[in-house]
Amino acid sequence: MQQVVIGTEYGTHNLATQDVDTPIPKAGEVLIKMKAASLNYRDWEVVNGQYHENFPTGMVPLSDGAGEVIKVGNQVTSFAPGDRVISSFWQGWQSGELKDSPAAKSLGGPLGGCLSEYQVIAASGLVKMPASMTFVQAATLPCAAVTAWQALITKGNIKSGDWVLVQGTGGVSMFAQQLALMHGARVITLSSSDTKLDTAKQNGALHTINYQTTPEWAVDVNRLTHGQGVDHIVEVGGPNTLSQSLACIAPGGQINVVGYLGGKDGSINPLQILQAHATVRGIAVGPTSSLQALCNAIDANGLEPLIDREFQWQDYRQAFDYLASGNHLGKIVLTF
Ligand SMILES: NC(=O)c1ccc[n+]([C@@H]2O[C@H](COP(=O)([O-])OP(=O)(O)OC[C@H]3O[C@@H](n4cnc5c(N)ncnc54)[C@H](OP(=O)(O)O)[C@@H]3O)[C@@H](O)[C@H]2O)c1
């Protein structure tokens, strides 16, 4: 079988395809024939040595995959050959808080990931795909959708009628929009592109704002919510957007710090948090129980991820370049 590994140096152009023996599942493990894998911004950071933790060369990247069970190891009773499964981002974080699972590790760094024709994954780190989904759709869920779920549902206790602000139209943000709508919330979506904002609106955003032409977008958010502000924000911009977010969070609202696309350094005024009575919370994807809850919700409500483009897995360099271009809306998927 073939797999792709981080080469002797970081960089998308240094990724290398190699032939290796197909792995054999040990006790508690499952051998999966990968059918699709999706790209996250984190994966681009990992292969380019820009993640906050550097992983060794020779590691297989990509946290998110969906495939078919080929063989199960001893003691595996929850899966059987032919099952359609998705990988959980965190292996060993089953539920509750991450601090209670100190041995948990994520796929695609430090654990070998899904850019591989076959992969062995612990049965405890797999979930059956929603019945309605294709492999391509299911491969988009483990990182981006679970992050949005963890922020808005597991932690956020979102309610029908709540206001939600999503920043940008990438993978996490479009899932945040879709999951907020699934729960009856009202969504305001930001983007640098009017074309993408049109698509966000066609997919249910109540209001849209171009954050490049309107850098002080908090004023508009407050006007659109009749001075009330929004109840939940999924923050992907980091220091460049946090102060705007604090200026339009409703009293007692929740800001979920997920990303730092605008940079990793900056300062915030604590008085803004205090005066807003805001909860500012860090999110690190979520446990396997959140992936399972998301799949249950998709089984009940249906949800079709917004997929921008599919590439053959051998075209992984073009796929990473496309992600880096920022031209996508929603997810980018590799097919096997
Ligand atoms: N903590 C976690 O659990 C977790 C999990 C997943 C992702 N993340 C982080 O979340 C961020 C998004 O990840 P992703 O995979 O969804 O990325 P992605 O699909 O590549 O989406 C990136 C999009 O974000 C928007 N954006 C870029 N700079 C922005 C800014 N300064 N303000 C507002 N929006 C901006 C752009 O949307 P437009 O083109 O519409 O302007 C861009 O297309 C990354 O920082 C990633 O590392 C964190």
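Values in this document were obtained by computation on a predicted structure and should not be read as measured data.

**Looking at unusual backbone geometry**
Part 1 of the argument: The omega torsion across Gly-109 and Pro-110 is 0°, close enough to zero to call that bond cis.
Part 2 of the argument: Position of Pro-110 relative to the elements: it lies in the loop between strand S7 (105–106) and strand S8 (118–122).
Part 3 of the argument: Positive phi, normally seen in glycine, also occurs at Leu-62, with a value near 85°.
Part 4 of the argument: Along the polypeptide, Leu-62 turns up in the loop between helix H1 (41–47) and strand S4 (64–72).
Part 5 of the argument: Taking the relative accessible area as the measure of exposure, Leu-62 reaches 0% and is therefore buried.
Part 6 of the argument: Even without being a glycine, His-226 presents a positive backbone phi close to 55°.
Part 7 of the argument: The residue His-226 is located in the loop between helix H6 (217–224) and strand S13 (230–235) in this model.

**Focus: the packing of helix H3 (residues 141–154) against helix H9 (residues 288–301)**
Two packed helices can be described by the angle between their axes and the distance between those axes.
Part 1 of the argument: In contact at an axis separation of 9 Å, H3 and H9 are set at 90° when each is read in the N-to-C sense. Accordingly, the angle class assigned to the pair H3 and H9 is roughly perpendicular. Along the contact surface, H3 presents Leu-141, Pro-142, Ala-145, Val-146, Trp-149, Gln-150 and Thr-154, while H9 presents Ser-290, Leu-291, Ala-293, Leu-294, Cys-295, Ala-297 and Ile-298.
Part 2 of the argument: Taken together, the residues of the contact of H3 with H9 sort by class into 11 nonpolar, 3 polar and no charged.

**Some details on the pattern of salt bridges**
Part 1 of the argument: Scanning all chains against the criterion turns up 7 salt bridges.
Part 2 of the argument: Between Lys-155 and Glu-97 there is a salt bridge, and its shortest N-O distance comes to 2.5 Å. Of this pair, Lys-155 sits in the loop between H3 and strand S10 (163–167) while Glu-97 sits in the loop between strand S6 (90–91) and S7, and the two are 58 residues apart along the sequence.
Part 3 of the argument: Glu-97 sits in the partly exposed class, given a relative accessible area of 36%.
Part 4 of the argument: A salt bridge links Asp-162 to Lys-159; the nearest nitrogen and oxygen atoms lie 3.7 Å apart.

**Let's talk about the domain arrangement of the protein**
Part 1 of the argument: Assigned domains within the protein: domain 1 (2–143 + 287–335) and domain 2 (156–282).
Part 2 of the argument: Distance between the C-alpha centres of domain 1 and domain 2: 28 Å.
Part 3 of the argument: Taken together, the two surfaces of domain 1 and domain 2 that pack against each other cover about 1,300 Å², and 69% of this comes from carbon and sulfur.
Part 4 of the argument: Contact with domain 2 buries surface across domain 1, with Leu-303, Leu-306 and Leu-329 losing the most and accounting together for 39% of the total.
Part 5 of the argument: The shortest N-O distance in the salt bridge between Glu-45 and Lys-264 comes to 3.9 Å.
Part 6 of the argument: Our enumeration of links across domain 1 and domain 2 arrives at 7 residue pairs in polar contact (both at pLDDT 80 or more).
Part 7 of the argument: Sorting the residues of the side of domain 1 that touches domain 2 by element identifies H1 and H9 as the ones contributing at least two each.
Part 8 of the argument: For the side of domain 1 that touches domain 2, a count of residues per class yields 9 nonpolar, 9 polar and 3 charged.

Calculation rules
Residues numbered from 1 in each chain as written. Predicted model: local features only at pLDDT ≥ 70, side-chain atom pairs only at ≥ 80, totals over all residues. Heavy atoms only, no water. Helix = DSSP H or I, 4+ residues; strand = E, 2+ residues; numbered from the N terminus. Buried < 20%, exposed > 50% of the residue type's maximum accessible area, 1.4 Å probe, protein only. Axes fitted to C-alpha atoms, helices over the stretch in contact; angles between N-to-C directions. Parallel < 35°, antiparallel > 145°, perpendicular 65-115°, else oblique. Contact = heavy atoms within 4.5 Å. Nonpolar A, V, L, I, M, F, W, Y, C, P; charged D, E, K, R; others polar. Salt bridge = Lys/Arg side-chain N within 4 Å of Asp/Glu carboxyl O. Domains from an automatic or database assignment. Buried area = accessible area lost by both parts, 1.4 Å probe. Polar contact = N/O pair within 3.5 Å; in protein donor to acceptor, adjacent residues only side chain to side chain.

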